[in-house]
Amino acid sequence: MSKSEITFFWFRRDLRIEDNVGLFHALESKYQVIPLFIFDEAILDNLPKNDARVGFIHDSLSKIDTRLKELGSSLLVKKGKTLEVWKQLLQEFDVKEVFYNKDYEPYAIKRDLVISELLEANNTKSFSYKDQVIFEENEITKADGLSYTVYTPYKNKWLEKYKSMAPVQEYDASENFSNFYKNNFTFPTLDQIGFKESAIKVIPHNLKNVANYHETRNFPALDSTTHLSPHLRFGTVSIRKLVNWAAKKNEVFLSELIWREFFMQILFSFPKVVSHNFKSAYDGIQWRNDDEDFKRWCSGTTGYPMVDAGMRELNETGYMHNRVRMVVASFLCKHLLINWQWGEAYFAQKLLDFELSSNVGNWQWAAGTGCDAAPYFRVFNPEIQLQKFDEKGIYIRKWIPEFNLGYGQPMVDHAFARDRAIATYKEGILK
Ligand code: FAD
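Residues numbered from 1 in each chain as written. Predicted model: local features only at pLDDT ≥ 70, side-chain atom pairs only at ≥ 80, totals over all residues. Heavy atoms only, no water.

1. Points about helix 4 (residues 82-92)
And step 1. Among the residues making up helix 4, those that are buried are T82, V85, W86, L89 and L90. Along the axis of helix 4, the buried positions cluster into a sector of 135°, meaning they face one direction only.
And step 2. Contact partners of the buried residues in helix 4: strand 1 (5-11), strand 2 (32-40), strand 3 (76-80), strand 4 (94-101) and helix 5 (106-121). (Buried < 20%, exposed > 50% of the residue type's maximum accessible area, 1.4 Å probe, protein only. Helix = DSSP H or I, 4+ residues; strand = E, 2+ residues; numbered from the N terminus. Arc of directions from axis to C-beta. Contact = heavy atoms within 4.5 Å.)

Structural data, given as structure tokens:
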């Protein structure tokens, strides 16, 4: 029997049917389209078996599969090494074309290159699209064509370009839904993928406070930010729809979405930031890197209520409010003189919204080693941060129930730690 001539659409970090650029183009194909997701063992093998992000991906895929079943189709889910899975698919089907959306992380860029070479050797055409950002790679550059390394001019150029084309085009593929391949692939359980349900869940995003975002966003007790981050990370929300909406709602909120793209283009242009200081002049800093101190920070037992509440929120929910992320990150790097890479790695394990570009960018910002970073001599005072942003102690009491009984001693005196940090940085910065 001859094999079916097929187009594949490969879902990765764009887990939605609505306004999905690659899927839109795939469905215009003259061949029927099999939607595919691969649980990549190269990534999964490094995760705990109850990783909540795998559960969220599984849930999101299940929603896609349900929708596809209503359309007489279904999602093909595979698990394995990506290259091996593709080799097997090329055996099984007569694959004419493969469509996918671009991913700008170093691992993904390498993986996609390997797969596109395999497809080319098989005479299969592949097409990749910009989907997870408004402006990618080198679309926002300085007059000399080089990448911006300072946020404000990047943002201004971003806004100018966006306004010249607003609203950006959205992609409604519903006209071609009949082009999904008619089949009934079995949708695997989480167990079959080798994972278990986690008690930690991604919560739905919440846009109702965006009108007042500029006034409320810094107060963790209000919990008034959108919780969009895991949805943007895994693409369950479209950035085009969000930005077209946000641009009319709140400028400050829009500027946060631009920070996301700023850090993505930094990672794309300077991939070394994953494991090196953006500013190599800071390579000489003598970090203390004390294991016991690090454990106290991780477990939220530093004796500084705002730091401890933040770390406990992270450990219990996979989320931490942005203001508190800044406080705990500054505390780790400056008060404890622990290399930002330790904190970055801990956040990467725990955050439901872990995004390599934003995590590395913000950690390096806090450590002072990044592009457009906080100056090294700015050392947040965790007590003052608490007075300013959680004056009534509502946030800290939520995460530190024993707080009322009297809270322990700070593990290090603020004035001492501040002077030590400034002296260590000063000494370490290569002239
Ligand atoms: P909102 O305030 O509602 O913001 C909306 C969206 O704007 C966010 O979902 C996010 O996509 C974007 N955004 C907001 N602030 C930033 C920022 N500073 N940098 C980049 N994008 C931003 N964000 C991640 O998505 N993944 C990470 O791994 C991550 N690591 C961080 C590490 C540190 C040390 C710090 C200080 C910040 C980090 N952030 C990270 C940025 C920010 O804290 C989160 O995006 C935000 O708290 C998510 O909550 P929200 O969706 O309710 O945010």
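2. Section: the site of the ligand
And step 1. Around the ligand there are 28 residues in total, and Y213, T225, T226, H227 and N322 lie nearest to it.
And step 2. Between L228 and the ligand, the recorded distance is 2.9 Å, taken from a backbone N or O atom to an oxygen atom.
And step 3. A distance of 2.7 Å is found between an oxygen atom of the ligand and a side-chain nitrogen or oxygen belonging to N322.
And step 4. Relative to its free-state accessible area of 820 Å², the ligand is covered by the protein chains to the extent of 97%.
And step 5. Secondary-structure elements contributing two or more residues to the shell around the ligand are helix 9 (229-234), helix 11 (251-269), helix 14 (322-335) and helix 16 (356-367).
And step 6. Here the shell around the ligand gets six residues from one element, more than from any other, and that element is helix 11.
And step 7. Class assignment of the residues belonging to the shell around the ligand gives a composition of 15 nonpolar, eight polar and five charged.
And step 8. Taken domain by domain, the makeup of the shell around the ligand includes at least three residues from each of domain 2 (137-169 + 207-269) and domain 3 (274-428). (Near = heavy atom within 4 Å. Polar contact = N/O pair within 3.5 Å; in protein donor to acceptor, adjacent residues only side chain to side chain. Areas by Shrake-Rupley, 256 points an atom, 1.4 Å probe, with all protein chains shown as cover. Nonpolar A, V, L, I, M, F, W, Y, C, P; charged D, E, K, R; others polar. Domains from an automatic or database assignment.)

3. A closer look at the pairing of strand 5 (residues 125-129)
Successive side chains on a regular strand alternate, one facing one side of the sheet and the next facing the other.
And step 1. Two strands pair when backbone bridges link them, and strand 4 and strand 5 are joined in this way by five bridges, in the parallel orientation. When the bridges of strand 5 are listed, Y100 appears paired with S128.
And step 2. As a crossover connection, the stretch from strand 4 through helix 5 into strand 5 is right-handed. (Pairing = 2+ DSSP bridges. Right-handed = clockwise from strand over helix to strand, strands pointing away.)

4. Quick notes on the sheet that holds strand 4
And step 1. A sheet is described by the order of its strands in space; here five strands give the open sequence 3-2-1-4-5, paired in parallel fashion. Only two strands of the sheet have a single neighbouring strand rather than two, namely strand 3 and strand 5. Averaged over all neighbouring strand pairs, the angle between strand axes comes to 25°, with direction disregarded.
And step 2. With five bridges connecting them, strand 2 and strand 3 associate as parallel partners. Bridge assignment links F37 to a residue of strand 3, and that residue is V77.
And step 3. Sheet contacts for helix 3 (residues 52-70): strand 1 and strand 2; angle to strand 2, the most-contacted strand, approximately 165°. (Axes fitted to C-alpha atoms, helices over the stretch in contact; angles between N-to-C directions.)

5. Notes on helix 12 (residues 291-299)
And step 1. When we look at burial in helix 12, the residues that qualify are D293, F294, W297 and C298. All buried residues of helix 12 project into a common sector of 135° when viewed along the axis, lining one side. Those residues of helix 12 that are exposed and aimed more than 90 degrees away from the buried face are E292 and K295.
And step 2. Those residues of helix 12 that are buried lie in contact with helix 13 (305-317), helix 14, helix 15 (340-350) and helix 16.
And step 3. Two to three positions downstream of the cap, the backbone nitrogen of E292 sits 3.0 Å from a side-chain oxygen, assigning the N-cap of helix 12 to D290.
And step 4. A positive backbone phi angle near 70° is found at G300, which sits one or two residues after helix 12.

6. Notes on the packing of aromatic side chains
And step 1. Under the criterion given, the structure shown has 37 aromatic pairs.
And step 2. Aromatic pair Y151 and W259: ring centres 3.8 Å apart, planes at 5°, arrangement stacked. In this pair, Y151 is assigned in helix 6 (residues 151-165) and W259 in helix 11, connecting sequence segments 108 residues apart.
And step 3. Residues F294 and Y346 carry aromatic rings whose centres are separated by 6.3 Å and whose planes lie at 85° to one another, so their mutual orientation is edge-to-face. Placement of F294 in helix 12 and of Y346 in helix 15 is noted, with a sequence separation of 52 residues between them. Considered together, F294 and Y346 belong to a single accessibility category, that of buried residues.
And step 4. Grouped by ring-pair contacts, the aromatic residues Y148, Y151, Y154, W259, F262 and F263 constitute a single cluster.
And step 5. Positioned above the aromatic ring of F234 is the side chain of R233, whose terminal nitrogen or guanidinium carbon lies 5.0 Å from the ring centre.
And step 6. Over the ring of Y425 we find K334, and its NZ or CZ is 5.6 Å from the ring centre. (Phe/Tyr/Trp six-rings, centres within 6.5 Å; stacked < 30°, edge-to-face > 60°. Lys NZ or Arg CZ within 6 Å of the ring centre and 35° of its normal.)

By themselves, these figures tell us nothing about what the structure is for.
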